[in-house]
Amino acid sequence: MEVLKEYWVFIVPLIIAELALMVAALTHVLRHSNYRFGSRALWIFIVVFFQIIGPLAYFIFGRGVDE
Amino acid sequence: MKHYLVFFKKELLEYNRTYKLLILLLVFLILGIMNPLTAKLTPDLLAKFMPEGVSITLPEPSSLDSWAQFYKNVTQMGLIVTILVFSGVLSSELSKGTLIILLTKGLPRRVVILAKYMSMLVLWSASILTSFLVTWAYTVYIFPDGKSANLLFSMFCLWLYGALLLAVLLLAATLVKSSYGSLLITGVVVVLLTILNIAPAIQQYNPLSLAAKNMDLVMQNIEPSSLFPAIGVTVLATVVLLFAAVVIFRKKQL
């Protein structure tokens, strides 16, 4: 808690940005059913549990070509 | 001119719809916040994880550490994500066939290449600027030591290096069909530049210096003017690459 009190100016925007990335990826995963590979469950797992890298991987490699 | 504007707007709209805009801005924002934070916390973390009885004395972190993080992260993670995001710059539209409709309706091929380059450049500029401003604001806030110099010029160098890589990527996209092919070519070019950098005589002219000498600039170990040859070569190379991309794309069978 001590760290949070001292560094909230960093941590709060950081968490907001990471959450925004996650939410954007998650809504996309749930709204579309075409993925280049993998299943919906796999992508939900990746997007939720791997911060930053997960949503990035989804948007760059996993997103279906068909919109 | 009208063609350029319309196609440019279409590209920006596409960046928004395909989440490219969101990804790049958020990733660079996150990097921007992490740079000063990592610089501040690293000594504490190291001290915590040292085994019992071992004590090391680390110098107090300064604004230089924060900028070192910036140039490390943006040249690695930042550039890699940018190139990955833009890897399908031509191939996705060619494979879907949407570009062919526009071209048969009389859109000059030159416009496609140049407008695509301009829009990539705009997004890359916005991204690096986001990261720079955020890092700068936090650094001034936690390390008000004023030790860092040449900040804007140093960022400009890195930006220019990114602009060169985007031109390489675009030329590669006109040469090969798949997006992985153009990624591979861009990677090979970076490796070649790294190998060239071994020769001290070439270093001065090597575009890679623009992404490698940033901390020397910030610490005032070198003069900004020492990078002018590399800047000249980079600008020239970018223009030549774009010209080549236009010529090749014009002759390409779609």
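Preceding this paragraph is the structure being described.
Because the structure is a prediction, the values reported are computed rather than measured.

Would you mind going over the overall build of chain A in detail, with residue names and values included?
Summing up its helical and strand segments, chain A has three helices and zero strands in all. Beginning at the N terminus, the succession of helices and strands in chain A can be written as α-α-α. Compactness check: chain A gives a C-alpha radius of gyration of 14 Å against a globular reference of 11 Å for 67 residues, more than 25% above the reference. Once the C-alpha set of chain A is aligned to its principal axes, its extents read approximately 45 × 20 × 15 Å. Within chain A, the proportion of its 67 residues that are buried is 37%. Restricting to contacts in chain A with at least 6 residues of sequence separation, those with at least 24 account for 56%.

A description of the overall build of chain B should follow, citing residues and the corresponding values.
Within chain B, the regular secondary structure consists of 12 helices and zero strands. Across chain B, helices and strands are ordered from the amino to the carboxyl terminus as α-α-α-α-α-α-α-α-α-α-α-α. Based on the C-alpha atoms only, the size of chain B along its principal axes is roughly 75 × 40 × 35 Å. Burial analysis of chain B (254 residues in total) assigns 48% to the buried set. Within chain B, contacts between residues separated by at least 24 positions form 82% of all contacts whose residues are at least 6 apart in sequence. Summing over all exposed atoms, chain B offers an accessible surface of approximately 12,600 Å²; the carbon and sulfur share of this is 70%. For chain B, the distance from the average site of its 19 positive side-chain charges to the average site of its 10 negative ones is 23 Å.

Please provide a residue-by-residue account of the packing of aromatic side chains, values included.
Taken as a whole, this structure holds 19 aromatic pairs over all chains when the rule is applied. Where A:Phe45 meets A:Phe49, the ring centres are 5.0 Å apart and the plane angle is 35 degrees; that geometry is what we call tilted. Taken together, the residues span about one helical turn, with A:Phe45 and A:Phe49 both in helix H2 (residues 40–49) at a distance of four residues. Centroid distance A:Phe59 to B:Tyr19: 4.6 Å. Interplanar angle 20 degrees. Geometry classified as stacked. One end of the pair, A:Phe59, is in helix H3 (residues 53–62); the other, B:Tyr19, is in the loop between helix H1 (2–17) and helix H2 (20–49), on a second chain. A network of ring pairs unites the aromatic residues A:Tyr35, A:Phe37, A:Trp43, A:Tyr58, A:Phe59 and B:Tyr19 as a single cluster.

Go over the interface of chain A and chain B with me, naming the residues and quoting the values.
On the side of chain B, 23 residues touch chain A, which itself brings 19 residues to the contact. For the chain A face of the interface with chain B, the top three residues by lost area are A:Tyr7, A:Phe10 and A:Leu14, together amounting to 29%. Taken together, chain A and chain B are joined by zero salt bridges. Connecting chain A to chain B are one residue pair in polar contact (both at pLDDT 80 or more). Listed by contribution, the elements that provide at least two residues to the side of chain A that touches chain B are helix H1 (2–31) and H3 of chain A. Examining the composition of the side of chain A that touches chain B, we find that 11 residues originate from one element, H1(A), more than from any other. In terms of residue class, the side of chain A that touches chain B is made up of 15 nonpolar, one polar and three charged.

Before we move on, could you go through unusual backbone geometry and cite the residues and values that matter?
Residues other than glycine seldom take positive phi values, yet B:Asn150 does so here, at roughly 55 degrees. Note on placement: B:Asn150 falls in the loop between helix H6 (109–142) and helix H7 (151–175).

For the environment of B:Ser63, give the residues involved together with the corresponding values.
Residues and elements named next belong to chain B. Residue placement: Ser 63 occurs in helix H3 (residues 63–85). Ser 63 gets classed as buried once you look at its relative accessible area, which sits at 4%. Aside from chain neighbours lying at most four places away, what touches Ser 63 is Thr 139, Phe 143, Asp 145, Lys 147 and Ser 148.

Tell me what's going on with the environment of B:Ala237, and back it up with residues and numbers.
If you trace the backbone, B:Ala237 turns up in helix H12 (residues 228–251). On the basis of relative accessibility, which here comes to 25%, the residue B:Ala237 falls in the partly exposed class.

Explain a nonpolar patch on the surface residue by residue, including any values.
Residue and element names in this part refer to chain B. A surface patch of nonpolar side chains, amounting to about 610 Å² of accessible area, comprises Leu 184, Val 188, Val 191, Leu 192, Ile 195 and Ile 198. Within the secondary structure, Leu 184 sits in helix H8 (residues 179–196). Note on Leu 184: relative accessible area 61%, which makes it exposed.

Thresholds, definitions, all that
- Along every chain, residues carry numbers that run from 1 in the direction the sequence is written.
- Each chain gets a letter, beginning with A, and each ligand a number, beginning with 1, in the order they are written.
- Restriction of local features to residues with pLDDT of at least 70 applies here, the model being predicted, together with a cutoff of 80 or more for giving and counting side-chain atom pairs; totals for whole chains, interfaces and linings are based on all residues.
- Calculation of side-chain values draws on the structure's entire complement of heavy atoms; hydrogens and water are dropped beforehand.
- Here a strand is any run of E in DSSP of at least two residues, a helix any run of H or I of at least four, and the numbering for each starts at the N terminus.
- It is over C-alpha atoms that the radius of gyration is taken, and the globule rule equals 2.2 Å times the number of residues to the power 0.38.
- Throughout this description, buried means an accessible area under 20% of the type-specific maximum (1.4 Å probe, protein chains only), exposed means over 50%, and partly exposed covers the range between.
- Contacts: residue pairs with any heavy atoms within 4.5 Å of one another.
- Exposure was quantified through the Shrake-Rupley algorithm and a 1.4 Å probe, taking into account, for residues, occlusion by the shown protein chains and nothing else.
- Just so you know, the count uses Lys and Arg for positive and Asp and Glu for negative, and it drops His and the chain ends.
- Lysine's charge is taken at NZ, arginine's at CZ, aspartate's at CG and glutamate's at CD.
- Stacked, edge-to-face and tilted labels apply to pairs of Phe, Tyr and Trp rings (six-membered ring for Trp) whose centres lie within 6.5 Å, assigned for plane angles under 30 degrees, over 60, and everything in between, in that order.
- Accessible-area loss on putting two parts together, using a 1.4 Å probe and summing over both, is the definition of buried area adopted here.
- For this document, the term salt bridge refers to a Lys or Arg side-chain nitrogen within 4 Å of an Asp or Glu carboxyl oxygen.
- Within 3.5 Å is the distance limit for a polar contact, defined as a pair of N or O atoms, with the added protein rule that one can donate a hydrogen and the other accept it, and that residues adjacent in sequence qualify only through two side-chain atoms.
- Residues are sorted three ways: Asp, Glu, Lys and Arg are charged, Ala, Val, Leu, Ile, Met, Phe, Trp, Tyr, Cys and Pro are nonpolar, and all the rest, Gly among them, are polar.
- For patch building, the residue pool is restricted to those with more than 30% relative accessible area and no salt bridge; the joining distance is 9 Å between like charges and 5 Å between nonpolar side chains (Val, Leu, Ile, Met, Phe, Trp, Tyr).

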